[in-house]
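Each chain is listed here by its residues.
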Amino acid sequence: MKFSTLAAFALAAPAAAEVYFKEQFNDDGWSDRWTVPSDWKSKSELGEWKHTSGEWYGDEADKGIQTSEEARFYGLSAKLDKTFNSSDGKDLVIQYAVKHEQDLDCGGSYIKLLPGGDSFDSAKFGGDTPYAVMFGPDKCGSSNQKAHVILHSDEKKDNLLIKKEVSAEWDSLTHLYTLVLRPDNTFEVFVDNKSVRSGKLEDEFDFLLPKTIKDPDQSKPDDWVDEAEMDDPEDKKPEGYDDIAEEIPDPEAKKPEDWDDEDDGEWEPPMFDNPQYTGEWRANRIPNPDYKGKWEHPIIDNPDYKYDDKMHAVCADGCTHVGFELWQVKTGTIFDDIIVTDSLEEAQTFAEETFFKKKEGEKKMYDDIQDEKRKEEEASMPEGGDDDMDMDMGDDDGFGDEF
């Protein structure tokens, strides 16, 4: 059988990447593509999104959207250009950029991938809206600082958190977060295009029931002795042991000559620890001759365990929207350069055109601003600084001749 050159090329060439959503926020029309959930919270509770490049940037014309009012909820959603459906057997790649210009103390900066289709209610989108993926940084205090990776399980009808936390970046520069879900039930997380976590979904999430369980038909025998030691039956409490007081009066103490029982009350000598008191009596411990060791529950294969080859299928019914649903105390977080695709290579190419193109310039501008702030602070210090604290001690340095 002969194949044409074109047909052979078609068989060998990889499928073209599909881009389901891309947003750079560089035009004023961004607000027409995104919807604020006005029915989720009252107007006074919802913070306003600011269209800006921020205080420091790699390109002033390249803008994002920024949280601008402190102690507010922030909501925003947009429809994908195309529906992503996990049944197509493709990778799912979600990538976006985050910059915290404020000293973020408590607040989220994660993105959500959402199902819903034509029934998705953008005006009511909020914390209770079902989602397929929740991914990105979240911080509250010093103990809760991580990047969320939460995936929906249709089998368990629950949202599953990654077992081991993924670290996030908390400086004041832009960072790029990328999540990849693959049809072979593996995943990978990148920060600034560096892989920081990868593995099997069944290992890192509770998608499956345990393979083994404790045998429900087995229990520890009533006569099982699991105490390694016992009280020595021949050790008896000494006679009069309980009569030994914990404290005794100071035998050398004398009532003061000027003590008046009527005015001062009955005089009592001070008390001190009794050196003969050794605490509550306890019998000596000896090895228990009936000790059988620690009882271990027999383990058996879990009859209910089954492998789910659809763990990756977080969008089994199709994902149609992306959104931000956040609470922030201190605000100033900028979101930018979002892409949802089925190709990591496509996402990395987009990152080169956006994040990495701006990265160096943003860092330089940030450093220049910080240097200027330091110079202003130094200039505002009193003249002389610490020199005014020095004492003119002449030739006497205050130390002995040995120094």
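Asker: Got a sec to walk through the pairing of strand 8 (residues 111-115)? Specific residues and values, please.
Answerer: Of all five residues in strand 8, four are buried, a share of seventy percent or more. Where strand 8 lies against strand 9 (residues 133-140), three bridges are found, and the strand directions are antiparallel. Of the residues in strand 9, the one forming a bridge with Ile111 is Phe135. Pairing analysis gives four bridges linking strand 8 to strand 21 (residues 319-328), with the strands arranged antiparallel. Within strand 21, the position partnered with Pro115 by the bridge is Cys319.

Asker: Tell me about the state of the cysteines, and please be specific about residues and values.
Answerer: Counted according to the given criterion, the structure contains two disulfides. The disulfide partner of Cys315 is Cys319, and the S-S distance across this bridge is 2.0 Å. Negative torsions about the S-S bond denote left-handed disulfides, and the value of about -90° found for Cys315 with Cys319 makes this one left-handed. Both residues of the pair, Cys315 and Cys319, count as buried. With its bonded cysteines labelled in order along the sequence, the protein shows the pairing 1-2, 3-4.

Asker: Run through the packing of aromatic side chains, naming residues and quoting values.
Answerer: Scanning all chains against the criterion turns up 20 aromatic pairs. On the basis of an interplanar angle of 80° and a centroid distance of 5.8 Å, the ring pair of Phe21 and Trp34 is categorised as edge-to-face. Residue Phe21 is found in strand 1 (residues 19-23), and its partner Trp34 is found in strand 2 (residues 34-35); the two are separated by 13 residues along the sequence. Residue Trp34 is classed as buried on the basis of its relative accessible area of 4%. Measuring from ring centre to ring centre gives 6.0 Å for Phe120 and Phe125, while their planes differ by 40°; the resulting arrangement is tilted. We classify Phe125 as buried; its relative accessible area is 0%. Every member of this aromatic cluster is reached through a ring pair, and the members are Phe21, Phe25, Trp30, Trp34, Trp49, Tyr74, Tyr96, Phe135, Tyr177, Phe324 and Phe335. Just above the ring of Phe73 sits the side chain of Lys41; from NZ or CZ to the centre is 4.3 Å.

Asker: Help me get a handle on the layout of surface pockets, residues and values and all.
Answerer: Volume-wise, the largest pocket comes out at about 160 Å³. Classifying every residue of the lining of the largest pocket gives seven nonpolar, three polar and two charged.

Asker: Break down the nonpolar core for me, citing the residues and quoting the values.
Answerer: Trp34, Tyr96 and Val133 are the most contacted members of the largest nonpolar core, which totals 55 residues. The element best represented in this core is strand 5 (residues 72-84), accounting for five residues. Membership of the second largest hydrophobic core comes to seven residues, among which are Val93, Ile339, Ala347 and Phe350.

Reading the values: the criteria
Residues numbered from 1 in each chain as written. Predicted model: local features only at pLDDT ≥ 70, side-chain atom pairs only at ≥ 80, totals over all residues. Heavy atoms only, no water. Buried < 20%, exposed > 50% of the residue type's maximum accessible area, 1.4 Å probe, protein only. Helix = DSSP H or I, 4+ residues; strand = E, 2+ residues; numbered from the N terminus. Pairing = 2+ DSSP bridges. Disulfide = S-S within 2.5 Å. Phe/Tyr/Trp six-rings, centres within 6.5 Å; stacked < 30°, edge-to-face > 60°. Lys NZ or Arg CZ within 6 Å of the ring centre and 35° of its normal. 1 Å grid on protein atoms, 1.4 Å probe; cavity = no way out; pocket = protein on both sides within 12 Å on 5 of 7 lines; lining within 4 Å. Points joined across faces, edges and corners; volume = space filled by probe spheres on them. Nonpolar A, V, L, I, M, F, W, Y, C, P; charged D, E, K, R; others polar. Core = buried A, V, L, I, M, F, W, Y, C linked by side-chain atoms within 4.5 Å.

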